[in-house]
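The lines below spell out each chain.
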Amino acid sequence: INRAVDTAKKAAASRSTVLLLGESGTGKEIFARAIHNWSDRKDKPFVAINCVGLSKELLESELFGHEKGAFTGALQLKKGKMELAHGGTVFFDELSETSESVQARLLHVLETRRYRRVGGTSDLSMGARVISATNRLPDAGGIDGLRPDLYFRVAGITLTVPPLRDRIDDVPVLAEHFLKLLGRQVPGVPK
């Protein structure tokens, strides 16, 4: 885990995109937040987007926002998560679960640093750092479910978060931390 933390600190000091790899529950979002908090963007927004289960239409509206009247029910302008994260960090959790069309649009945004709200006619500047995560491991051809060209763009720095079973020495430290944390929150339990 120390190797992963060292890599995360180096990633925080860079401007590169970061791809976090690891099984579900290993703490990829915790690492993403740590990278943000160790960076010079720490005083700007950290915006997390869970890509699992969102339809293409809903994900595009969430990412890029929409103009009033862009579709039925769009009664007012809505800023997207990319716009809300401007100057800070946007975290795509489980990026490999997004549709091919969303991946193509996201690739275009990463290449041009520009995007449009759904139903919009003018470009907006993308000023957020991108950190992505997936629970799928890469092979020689990339990552299953992720376009190879998008994988190349998001994997500027790749960091693998090891599961707890591979770092058994951390169990006593974590147990002590959680016991202290619970002791502070449970009335009548000595601190």
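For the structure itself, look to the data block above.
In this text the structure is predicted, and so the values were computed from the model without any measurement. (Residues numbered from 1 in each chain as written. Predicted model: local features only at pLDDT ≥ 70, side-chain atom pairs only at ≥ 80, totals over all residues. Heavy atoms only, no water.)

Okay, the sheet that holds strand β8 (residues 129-134) next. Read from one edge of the open sheet, five strands run β2-β5-β8-β1-β9, paired in parallel fashion. The open sheet has two edge strands, β2 (46-50) and β9 (157-160), and neither has a second partner. For this sheet, the mean inter-axis angle between neighbouring strands, taken without regard to orientation, is 20°. Two strands pair when backbone bridges link them, and strand β5 (residues 89-93) and β8 are joined in this way by four bridges, in the parallel orientation. By the bridge assignment, F91 is partnered in β8 with I131. Packing of helix α1 (residues 2-13) onto the sheet brings it into contact with β1 (18-21), β8 and β9, and relative to β9 it is tilted by some 155°. (Pairing = 2+ DSSP bridges. Helix = DSSP H or I, 4+ residues; strand = E, 2+ residues; numbered from the N terminus. Axes fitted to C-alpha atoms, helices over the stretch in contact; angles between N-to-C directions. Contact = heavy atoms within 4.5 Å.)

To continue, consider α1. For α1, which comprises twelve residues, the first-to-last C-alpha distance of 17 Å matches the rise-based estimate of 16 Å (1.5 Å per residue) to within 8%. All of the buried residues along α1 are A4, A8, A11 and A12. Burial along α1 is one-sided: seen end-on, the buried residues are contained in an arc of 100°. Pointing more than 90 degrees away from the buried face of α1 are the exposed residues N2, R3, K10 and A13. Those residues of α1 hidden inside the fold are in contact with β1, α2 (28-38), β8 and β9. (Expected span 1.5 Å × (residues − 1). Buried < 20%, exposed > 50% of the residue type's maximum accessible area, 1.4 Å probe, protein only. Arc of directions from axis to C-beta.)

Moving on to the packing of α1 against α2. Packing of α1 against α2 leaves a shortest axis separation of 8 Å and a crossing angle of 45°. It follows that α1 is oblique to α2 by the angle criterion. Considering the relative orientation of α1 and α2, their crossing is right-handed. Only F31, I35 and W38 of α2 make contact with α1, whose side of the interface consists of A4, V5, A8, K9, A11 and A12. Residues that form the contact of α1 with α2 fall into these classes: eight nonpolar, no polar and one charged. (Parallel < 35°, antiparallel > 145°, perpendicular 65-115°, else oblique. Left-handed = near helix turned anticlockwise from the far one by under 90°. Nonpolar A, V, L, I, M, F, W, Y, C, P; charged D, E, K, R; others polar.)

To continue, consider the pattern of salt bridges. Oppositely charged side chains can form a pair if their charged atoms are brought close together. Summed over the entire model, instances satisfying the criterion amount to 17 salt bridges. Here R117 ties to E83 by a salt bridge, and the two come within 2.9 Å at their closest N and O atoms. On the criterion of sequence distance, the pair formed by R117 in the loop between β6 (114-115) and β7 (124-125) and E83 in helix α4 (residues 81-84) is long-range, its members being 34 residues apart. On the basis of relative accessible area, R117 is assigned to the buried category, the value being 13%. (Salt bridge = Lys/Arg side-chain N within 4 Å of Asp/Glu carboxyl O.)

A separate point is the pairing of β9. Only one face of β9 is covered, namely the face carrying I157 and L159; the face carrying T158 and T160 is uncovered. Relative to β9, β1 is paired through four bridges, and the arrangement is parallel. For L20, the partnering residue across the bridge sits in β9 and is L159.

The subject of this paragraph is the environment of E67. Tracing the chain through its elements places E67 in the loop between β3 (65-66) and β4 (78-79). Taking the C-alpha atoms as reference, E67 lies 24 Å from V52; in sequence the two are 15 residues apart. E67 has contacts with A74, Q76, L77, R117, V118, G119 and G120, leaving out every residue within four places of it along the chain.

This brings us to the packing of aromatic side chains. Enumeration over the complete set of coordinates arrives at two aromatic pairs. Between the aromatic rings of F46 and F91, the centroid separation amounts to 6.1 Å while the plane-to-plane angle is 25°, which identifies the pairing as stacked. Residue F46 is found in strand β2, and its partner F91 is found in strand β5; the two are separated by 45 residues along the sequence. Considering the side-chain rings of F64 and Y115, the 5.7 Å spacing of their centres and the 35° angle between planes classify their relative orientation as tilted. In this pair, F64 is assigned in helix α3 (residues 56-64) and Y115 in strand β6, connecting sequence segments 51 residues apart. For the pair formed by F64 and Y115, the shared burial category is buried. One cation-aromatic arrangement involves K9 over W38; the distance from NZ or CZ to the ring centre is 5.3 Å. (Phe/Tyr/Trp six-rings, centres within 6.5 Å; stacked < 30°, edge-to-face > 60°. Lys NZ or Arg CZ within 6 Å of the ring centre and 35° of its normal.)

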